[in-house]
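A look at the structure
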Amino acid sequence: MKYKSSSMSGMVLQGKLSCAKKGIAFCKSQICSAATNFKAALTGSDYEECLAFEDDAGNNDDVDVDDGNYDSTGECSDDEFTNDCKTVPSSGNNVEVLGEEIPHCGTFSWKFPVEISQSTLDGRNGSSACSVIALIFAHGVWHERLHLQPTRSLSPLWVMLLFASIRVGNRLYDRCRHSLPQRFLSASEAATVAEQCVSVSVLSPLAVRVCDDHAPTTLVHQLSALCDGTHGNAALLIANEKTVLFLPLAGQSIALVDSHRHGDHGAEILLGRQTILDQFVGACQKVLDLNDDTYCNLSFIYF
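Residues numbered from 1 in each chain as written. Predicted model: local features only at pLDDT ≥ 70, side-chain atom pairs only at ≥ 80, totals over all residues. Heavy atoms only, no water.

A closer look at the overall build of the protein chain
Per the secondary structure count, the protein chain includes 7 helices and 11 strands. Buried positions account for 48% of the 303 residues belonging to the protein chain. Sequence separation of 24 or more characterises 69% of the internal contacts of the protein chain that already satisfy a separation of 6 or more. Carbon and sulfur atoms form 51% of the exposed surface of the protein chain, whose accessible area is close to 15600 Å². (Helix = DSSP H or I, 4+ residues; strand = E, 2+ residues; numbered from the N terminus. Buried < 20%, exposed > 50% of the residue type's maximum accessible area, 1.4 Å probe, protein only. Contact = heavy atoms within 4.5 Å. Areas by Shrake-Rupley, 256 points an atom, 1.4 Å probe, with all protein chains shown as cover.)

Digging into the pairing of strand 9 (residues 253-258)
Summarising burial for strand 9: 6 of the 6 residues are buried, a large majority. Across the two faces of strand 9 the burial is the same, with S253, A255 and V257 and I254, L256 and D258 all buried. Looking at chain direction, strand 8 (residues 242-249) and strand 9 are connected through 5 bridges and run antiparallel. By the bridge assignment for strand 9, L247 is matched with A255. The turn joining strand 8 and strand 9, which pair antiparallel and follow one another in sequence, is formed by 3 residues; a positive phi near 75° is taken by G251. With 6 bridges connecting them, strand 9 and strand 10 (residues 268-273) associate as antiparallel partners. Bridged to L256 within strand 10 is L270. (Pairing = 2+ DSSP bridges.)

Details of the pattern of salt bridges
Following the criterion strictly, the structure yields 4 salt bridges and no others. D174 is the partner of R124 in a salt bridge, and the nearest nitrogen-oxygen pair spans 2.8 Å. Of this pair, R124 sits in the loop between strand 4 (107-111) and helix 3 (130-144) while D174 sits in helix 4 (residues 156-176); the two residues are 50 residues apart in sequence, bridging distant segments of the chain. As a salt-bridge pair, R183 and E189 come within 3.0 Å of each other at their nearest N and O atoms. R183 gets classed as partly exposed once you look at its relative accessible area, which sits at 28%. (Salt bridge = Lys/Arg side-chain N within 4 Å of Asp/Glu carboxyl O.)

Observations concerning the packing of aromatic side chains
Scanning the model with the defined rule gives 4 aromatic pairs in all. The lysine or arginine in question, R145, covers the ring of W142, its NZ or CZ lying 5.1 Å from the ring centre. (Phe/Tyr/Trp six-rings, centres within 6.5 Å; stacked < 30°, edge-to-face > 60°. Lys NZ or Arg CZ within 6 Å of the ring centre and 35° of its normal.)

Some remarks on the packing of helix 3 against helix 4
In the contact formed by helix 3 and helix 4, the axes pass within 8 Å of each other and the chain directions differ by 140°. Taken together, the axes of helix 3 and helix 4 are oblique relative to one another. Helix 3 and helix 4 meet at a crossing whose hand is right-handed. Here V132, I133, I136, F137, G140 and V141 of helix 3 lie close against helix 4, whose contacting residues are W158, L161, L162, S165, I166, V168, G169, N170 and L172. (Axes fitted to C-alpha atoms, helices over the stretch in contact; angles between N-to-C directions. Parallel < 35°, antiparallel > 145°, perpendicular 65-115°, else oblique. Left-handed = near helix turned anticlockwise from the far one by under 90°.)

Some words on the nonpolar core
Core analysis: the biggest nonpolar cluster contains 50 residues, and F112, F137, L154, W158, L245 and L247 have the highest contact counts within it. When residues of this core are traced back to their parent elements, those giving at least two are strand 4, helix 3, helix 4, helix 5 (187-194), strand 7 (234-239), strand 8, strand 9 and strand 10. In terms of residue count, helix 4 provides more of this core than any other element does, 12 residues in total. If we ignore the near neighbours within four places in the chain, the residues touching L247 are F137, A138, V141, W158, N233, A234, S253, I254, A255 and V257. (Core = buried A, V, L, I, M, F, W, Y, C linked by side-chain atoms within 4.5 Å.)

Description of the environment of R152
Following the sequence through the fold, R152 ends up in the loop between helix 3 and helix 4. In sequence terms R152 and E101 are 51 residues apart; their C-alpha atoms lie 8.9 Å from each other. Apart from residues no more than four positions distant in its own chain, R152 is found in contact with V97, L98, G99, E100, F108 and W110. Here G99 takes part through its backbone oxygen, which lies 2.6 Å from a polar atom of the side chain of R152. (Polar contact = N/O pair within 3.5 Å; in protein donor to acceptor, adjacent residues only side chain to side chain.)

What about the confidence of the model for the protein chain?
Averaged over the protein chain, the pLDDT score is 81; the fraction of residues at 70 or greater is 76%. Between residues 52-89, whose pLDDT stays under 50, and residues either more than four places distant or in other chains, the model counts 64 contacts. (pLDDT = per-residue confidence, 0-100.)

Now the structure itself:
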């Protein structure tokens, strides 16, 4: 017991308390990691099946989100679509995504390989399904009550959920937009497309930007309301015709999920602290390539 001390001085007691807190935090992270891996092992490669499709969905044709009319030009039946989604190989359960802390902002970042993004997964070349993918991913985190810790390896459940959300989101989008020009969808349009998988309510979009003299127009202010639990279960941000997802999480955390490709890497997930939202937004701003005065649309969603 080289470092044992019975001293009651304030400095020694403070040191003991600090060590105890570090020990408790380490134990919590180990328990969380074990629970996540155990659940992932039980879930296995059938994780995509948690995104259930309605059995009677085949009674309706595809909906054109542009004008509300039905589009019957699709060549894939609903049964074929559902079965295909469930038999796609490799759900990501064997993929390890490593992350690192971003200096000076209390934010952790996980960058997926370049072949894992909405526009590259399964050899795909391009995708405008980001809004649909974000809704499906948000529902998965909410439904499964998933947590996230700033560990070197991204939780396997988050990896598998992103794989499933991209695959199903792309297929829903392609089916809906079969004979129409490719474009991104608003949050409300995406909710219509994804209603076969998830039930979600979308509030009217708010115009926000990183910096503004009017506080309620800033992204920090609106994300603070999201974290307080007064404005939805999650939020979709549309900027530069791209949609990303903000998720408040347990333990005073908040996550950004971006399914797009970023140069030499694929999708990216950021994890920050709700207590320093300004620093988290600063990190998000760099990832999303936003100027201080770039106006974006933020839509809160409820499940």
